[in-house]
Structure formats: structure tokens, C-alpha cells
Amino acid sequence: MHHIFESKTNGISDYDDHVASSFRRPSDEDEIPKNIYSEKSPLVDKKVPKSITIAQQIAAESIETQIKTQKRNQYLAALIATIGGFIMGTTLGWTAPAGPMMENGQYGFQITVENVSWIASVMPLGAMLGCPVMASLVNKLGRKHLMIMLTIPTLFGWAMIIWAKSVVWICAGRFLTGFSSGSYSVIVPLYTSEIAEKEIRGTLGTYFQLQVNAGILFTYVVGSYLNVFGLSVACAIVPVIYICLMFLIPESPIFYLMKKNVEKAQLSLKYFRKPVVHVNQELNTMQSALAKTERERVPIMEAFQTTPAKRGLCLGLGVMVFQQFTGCNAVIFYATTIFNATGSSIGSNTSTIIIGIMAVVSTYVSTLVVDKLGRKILLLYSVVAMGICTFLIGGFFYAKESHYDISSIGFIPLMSLCIFIILFSIGFGPIPWMLMGEIFPAQIKGIASSVVCMSNWLFVFLVTKFFTLMVSAIYLYNTFWLFTLFGVLGTFFVVFFVPETKGKTMEEIQELLGADHITLLTENQNDA
């Protein structure tokens with residue numbers, strides 16, 4: 001392995017020695033004319049000879065060109081791959097505009113409110129099935145191939161929804177699109193975390209939730225202009241575009257290394273790292289981490305007993321619990337109902353579009369600041385704000401149920417929901433998905449990610465299916481105050497259990513979670 005890169009490495013080393021000599025600080029042994037640098041000497045004489053200045057300038061420009069990595073291809077690949085999140089967003093958001101249309105008989109057969117509830121809830125059940133299936137395939141077939149293959153059940157699902165003959169057809173279609181959505185929630189964050197440099201891994205990791213929110217907004221906007229047939233067709237077009245774009249980007253270099261295909265791994269990494277002067281070093285680091293994993297490979301149940309695995313699993317499950325049980329999907333799925341209950345003069349379609357726009361814009365802001373401010377601080381601000389907002393919404397509905405005069409505080413639900421969406425989209429919306437790609441050891445990453453995703457979709461199902469039942473049993477205000485309680489618990493969880501992973505390599509994160517230090521492969525190990 002060492003001989004493959006030997007010639008390039010020697011050339012880089014010679015270049016670095018030359019540049020280093022150009023920037024060497026003067027030592028005591030160097031003869032520096034005192035008349036040039038004396039305090040009493042004329043100002044015009046206080047300069048380095050022109051030839052040295054030009055040499056230093058050329059060297060500085062050259063070093064900046066060589067070291068500054070061009071990250072354009074990483075951003076492009078992440079944007080394309082995370083269209084899988086957009087597909088997931090269209091599946092999630094479809095029921096909001098389609099529900100009233102179905103109840104109004106646009107399908108030509110009767111669909112009751114209870115039918116609509118199950119149509120909405122069957123989607124996360126399909127997603128739960130997709131997670132373990134992907135865990136068994138992601139390291140065999142690859143990330144890119146699976147993302148392409150998943151468009152098949154997606155298109156089949158939308159076809160069943162478009163030409164449905166009964167409620168069963170719609171539920172079956174929702175189950176298939178849910179299966180694909182759950183699968184994308186495992187594969188896409190994994191892919192983006194493996195192609196990204198540590199300086200922008202957080203930014204690329206938040207693209208998934210950005211695309212999810214964009215997909216939800218797409219359904220809100222299209223659903224306000226088209227009927228249920230047109231809305232479904234528009235959603236079905238997205239996977240077709242996705243197939244075409246996925247052929248423009250390469251497979252993850254980590255997957256190629258797992259398959260012992262170093263040549264393709266090098267080509268893949270060269271696509272993502274331009275200029276390519278540091279590719280060999282980074283490839284060596286990846287090989288070292290994978291070699292350590294292979295040396296320490298144990299039966300899968302035993303692998304889950306290691307300290308990093310247990311801490312990573314608890315962290316992943318914890319952030320997903322608080323992502324769902326602080327009320328996010330209740331707001332998304334039942335935004336129209338909440339706005340109507342407040343007596344707001346804003347139309348229901350307009351209000352949901354407003355929420356969708358704020359979610360997209362706020363998640364975009366998160367992509368800009370997550371690698372500057374860090375994951376932990378954004379999660380903390382997010383969960384505190386969400387707790388306060390659900391408390392205020394609960395208080396409003398309590399006052400309304402108690403027949404207090406609420407004319408002067410009618411703005412509270414709208415304002416609170418807006419702040420909730422903004423802070424959720426900056427913190428607890430995108431960051432849990434991003435963390436999932438960072439925190440697990442390589443041996444269990446596929447299975448652990450699927451466990452966390454499957455749990456998340458179980459929580460989605462519980463919230464979306466039983467939200468209305470909880471409202472009937474304990475009233476709307478107590479339901480929102482229950483979300484507030486989870487916000488308080490989530491605050492303690494973030495403060496005491498969530499580590500900061502900003503600016504750390506995947507190997508450093510594992511060490512942070514309790515793994516042993518990773519030693520780079522020596523030349524002899526590479527040759528072997």
C-alpha cells in the first residue's frame with residue numbers, strides 16, 4: 001500500500017521542506033545587517049531585499065493554494081444525496097393538505113376521519129420496517145446503490161396512492177413510501193458523514209433535515225393549488241429526478257475501503273478533496289480506523305457491550321426521544337387544527353405554508369452556524385425554547401377552556417408555534433440526524449443507526465396516532481404541558497449527557513465516548 005503513494009508523497013515532502021525554509025524565523029547565527037534594522041536607521045532602509053519578499057509572497061500564495069481544500073464537490077454530493085430527505089418530507093407532509101381533500105370525496109369513495117388517521121399513521125410503521133432492512137444491506141450493497149434502489153418502492157407506493165381504488169390501496173402506498181423514508185433516514189446521514197471533512201461535517205449533516213423540511217413545504221404549497229391527484233403526481237416526480245442526479249456522485253470512500261478496494265476509495269476521495277495533496281494521508285487515517293475495527297471485531301452482541309457503543313446508543317436514542325416527544329410532529333401534522341382552534345383569522349393553508357417556510361429558513365441558518373457554534377449549544381437553546389413555547393400554548397388553551405377573556409392574547413399560539421418551529425429547525429430538528437452519523441463505532445454503525453431510526457419512527461407513530469386521543473382524554477392544554485415536561489427533561493439530558501463533537505474527526509469522537517486511542521498504520525503494516 002505504501003508503494004502506491006510513495007512517489008507523490010516524496011514530491012509533497014520536498015515541496016513542504018522548500019516552503020518551510022522560506023518561512024523559517026531568523027536564528028542568532030544568521031547575519032542580519034544591523035544598519036538595516038537599527039532603530040536609528042532611516043525608515044527607507046528598513047526593508048528586506050526585494051528578491052526575498054517576492055519569494056516569500058510566491059511561497060505564501062502557493063501554500064494557500066495547496067492547503068486550502070476546495071469543498072464544492074462535498075456540498076454538491078450532500079445536496080444530491082439528501083434529496084432522499086426531500087422525498088421523506090413529501091411523504092410526511094402529504095397528509096396535511098391531502099386529509100381534507102380525501103374527506104371531501106376527491107377519491108370517489110368514502111374516507112372517514114378515522115381512515116385519514118390510519119393513512120397518516122401507517123407511514124411511520126413502514127419506516128420502522130425499512131430501518132432494520134437497511135442495517136443488513138448497507139454494508140453489502142453500498143450507500144449509493146441503496147439510495148438509487150429505494151426509488152423503486154417509492155414510485156410503487158405513489159402509484160398505488162394516485163390510482164387507489166380503496167382506503168387499503170392508499171394505506172399500502174403509504175406503507176411503501178414510509179419504508180423508503182425510514183431507509184433514507186438511515187443511509188443518507190451515514191453517507192454525508194463519510195464524505196465530509198470534519199470542518200464541514202456538521203453543515204452537511206444538517207442538509208438532511210433541511211431537505212425534509214423543504215419536502216414538507218413543497219406539499220403544503222402544491223396542495224394549496226392542486227387536488228389530491230395532482231399533489232400525489234408532483235410528489236412522485238421527485239424520485240425520478242433523484243435517480244438521474246445520483247449517477248453524478250461517487251460511492252462513499254469508506255464503503256470501498258470496507259470492501260478492500262483501495263483504488264476506488266482513492267478515486268472517490270479525490271472527487272471530494274480538491275486539490276488532492278492530502279488524500280493519501282486522509283486515506284491512511286481511514287484505513288487505520290478500519291484496521292483497528294477489524295482487529296477488535298467481536299460478535300455483534302459483544303460489540304454493543306463496549307463503552308463507546310453503549311454511550312453512543314444511549315445518546316442516539318435520547319436525542320430522538322426528545323426530538324419527537326417535545327411535540328414537533330404534533331405541530332407539523334396538526335398545524336391546521338391548532339390554528340383553527342385558536343380562532344386565528346389566517347387561513348389554514350396560509351398558516352401551514354408560513355410554518356413550512358420558517359422551518360426551511362431556520363434549518364438553513366442551522367447549516368451555517370452548526371460548525372461555528374457547536375451541536376450542544378444549539379440543542380440546548382432549541383429544547384429550552386420549545387419547552388417555553390409549549391407551556392405558553394398550553395396556557396392559552398387552558399384560559400380558553402376556562403372561559404377567560406383571551407382577545408388580548410390571541411397572538412400567543414401563532415407566535416409560540418413560529419418560535420417553536422424556528423428553534424426546533426435550528427437545533428433538535430437537524431442535529432439528531434447529524435449526530436447519528438458521528439457517534440457509532442464502525443462495526444455497529446449500520447445496525448446502531450437502524451435501531452435509533454426505528455425507535456424514532458416508533459415515536460413518530462405514537463405521537464401522530466395518539467395525539468388526538470390524548471387531546472380527548474386530558475385536553476389540549478395538558479397535552480402541550482406534557483410536551484413541556486419532556487422539554488425540561490431534555491434540557492437536563494443535553495447539559496449532562498450530550499458531548500460536543502464540533503471540529504472532531506470520527507476517531508476523536510470515538511475516543512471522546514471511551515474508545516482507545518487509534519494508532520496510524522506504519523509503513524510495514526501498509527505494505528502487508
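In this text, all values refer to a predicted model and were calculated from it rather than measured experimentally.

A.B. asks: I'd like a rundown of the overall build of the protein, residues and numbers included.
C.D. replies: Each helix and strand counted, the protein has 26 helices and 0 strands in total. Burial status across the protein gives 53% buried among its 528 residues. Excluding contacts between residues fewer than 6 apart, the proportion of contacts in the protein whose partners are at least 24 apart in sequence is 82%. About 24100 Å² of surface is accessible on the protein, with carbon and sulfur atoms providing 65% of the total.

A.B. asks: Provide a residue-level description of the packing of aromatic side chains, including the pertinent values.
C.D. replies: The full count for this structure, using the stated rule, is 24 aromatic pairs. Between the aromatic rings of phenylalanine 396 and phenylalanine 397, the centroid separation amounts to 5.4 Å while the plane-to-plane angle is 85 degrees, which identifies the pairing as edge-to-face. Each of the two residues, phenylalanine 396 as well as phenylalanine 397, counts as buried. An angle of 80 degrees between the planes, with centres 5.2 Å apart, marks the rings of tyrosine 398 and tyrosine 477 as edge-to-face.

A.B. asks: Could you give an account of the environment of lysine 400, naming the residues involved and the relevant values?
C.D. replies: Summarising the element assignment, lysine 400 is placed in helix α21 (residues 375-401). Among the residues examined, lysine 400 registers a relative accessible area of 34% and is labelled partly exposed. Taking the C-alpha atoms as reference points, lysine 400 and glycine 410, separated by 10 residues in sequence, lie 9.8 Å from one another.

A.B. asks: Can you lay out the side chain of threonine 192 for me, pointing to particular residues and giving the numbers?
C.D. replies: Summarising the element assignment, threonine 192 is placed in helix α10 (residues 167-195). Setting aside residues no more than four positions away along its own chain, threonine 192 makes contact with Ala78, Thr82, Leu204 and Gly205.

A.B. asks: Mind laying out the pattern of salt bridges, listing which residues take part and the relevant values?
C.D. replies: Enumeration according to the criterion identifies 2 salt bridges in this entry. Linking aspartate 371 and arginine 375 is a salt bridge whose minimum nitrogen-to-oxygen distance equals 2.9 Å. With respect to class, aspartate 371 is no different from arginine 375; both count as buried.

A.B. asks: Let's hear about the environment of glycine 205: which residues, and what values?
C.D. replies: Following the sequence through the fold, glycine 205 ends up in helix α11 (residues 201-223). Taking the C-alpha atoms as reference, glycine 205 lies 8.3 Å from alanine 78; in sequence the two are 127 residues apart. Setting aside residues up to four positions removed in sequence, glycine 205 forms contacts with Thr192, Pro430 and Met434.

A.B. asks: Before we move on, could you go through helix α14 (residues 262-272) and cite the residues and values that matter?
C.D. replies: Along α14, the residues classified as buried are Val262, Ala265, Gln266, Ser268, Leu269 and Phe272. Down the axis of α14, the buried side of the element spans an arc of 165 degrees, and every buried residue falls inside it. Turned more than 90 degrees from where α14 packs its buried face, Glu263 and Leu267 sit exposed. At its buried positions, α14 is contacted by α4 (72-81), α10, α13 (253-258) and α15 (279-295).

A.B. asks: A description of the confidence of the model for the protein should follow, citing residues and the corresponding values.
C.D. replies: Predicted confidence across the protein gives a mean pLDDT of 80, with 80% of residues reaching 70 or more. Note that residues 1-52 has pLDDT below 50 and, in this model, 37 contacts with residues that lie over four places away or in other chains. For the stretch residues 62-68, pLDDT sits under 50, and the model shows 12 contacts to residues farther than four places along the chain or on other chains.

A.B. asks: Quick one: what's the story with the packing of α4 against α11, residue by residue and with numbers?
C.D. replies: At their nearest, the axes of α4 and α11 sit 9 Å apart, and the two run at 30 degrees to each other. Considering the angle they form, α4 stands roughly parallel to α11. In this structure, α4 meets α11 at a crossing whose hand is right-handed. On the side of α4, the interface is formed by Gln74, Tyr75, Ala78 and Leu79, while α11 contributes Thr203, Leu204, Tyr207 and Gln211. The residue makeup of the contact of α4 with α11, split by class, is 5 nonpolar, 3 polar and no charged.

Rules used throughout
Residues numbered from 1 in each chain as written. Predicted model: local features only at pLDDT ≥ 70, side-chain atom pairs only at ≥ 80, totals over all residues. Heavy atoms only, no water. Helix = DSSP H or I, 4+ residues; strand = E, 2+ residues; numbered from the N terminus. Buried < 20%, exposed > 50% of the residue type's maximum accessible area, 1.4 Å probe, protein only. Contact = heavy atoms within 4.5 Å. Areas by Shrake-Rupley, 256 points an atom, 1.4 Å probe, with all protein chains shown as cover. Phe/Tyr/Trp six-rings, centres within 6.5 Å; stacked < 30°, edge-to-face > 60°. Salt bridge = Lys/Arg side-chain N within 4 Å of Asp/Glu carboxyl O. Arc of directions from axis to C-beta. pLDDT = per-residue confidence, 0-100. Axes fitted to C-alpha atoms, helices over the stretch in contact; angles between N-to-C directions. Parallel < 35°, antiparallel > 145°, perpendicular 65-115°, else oblique. Left-handed = near helix turned anticlockwise from the far one by under 90°. Nonpolar A, V, L, I, M, F, W, Y, C, P; charged D, E, K, R; others polar.

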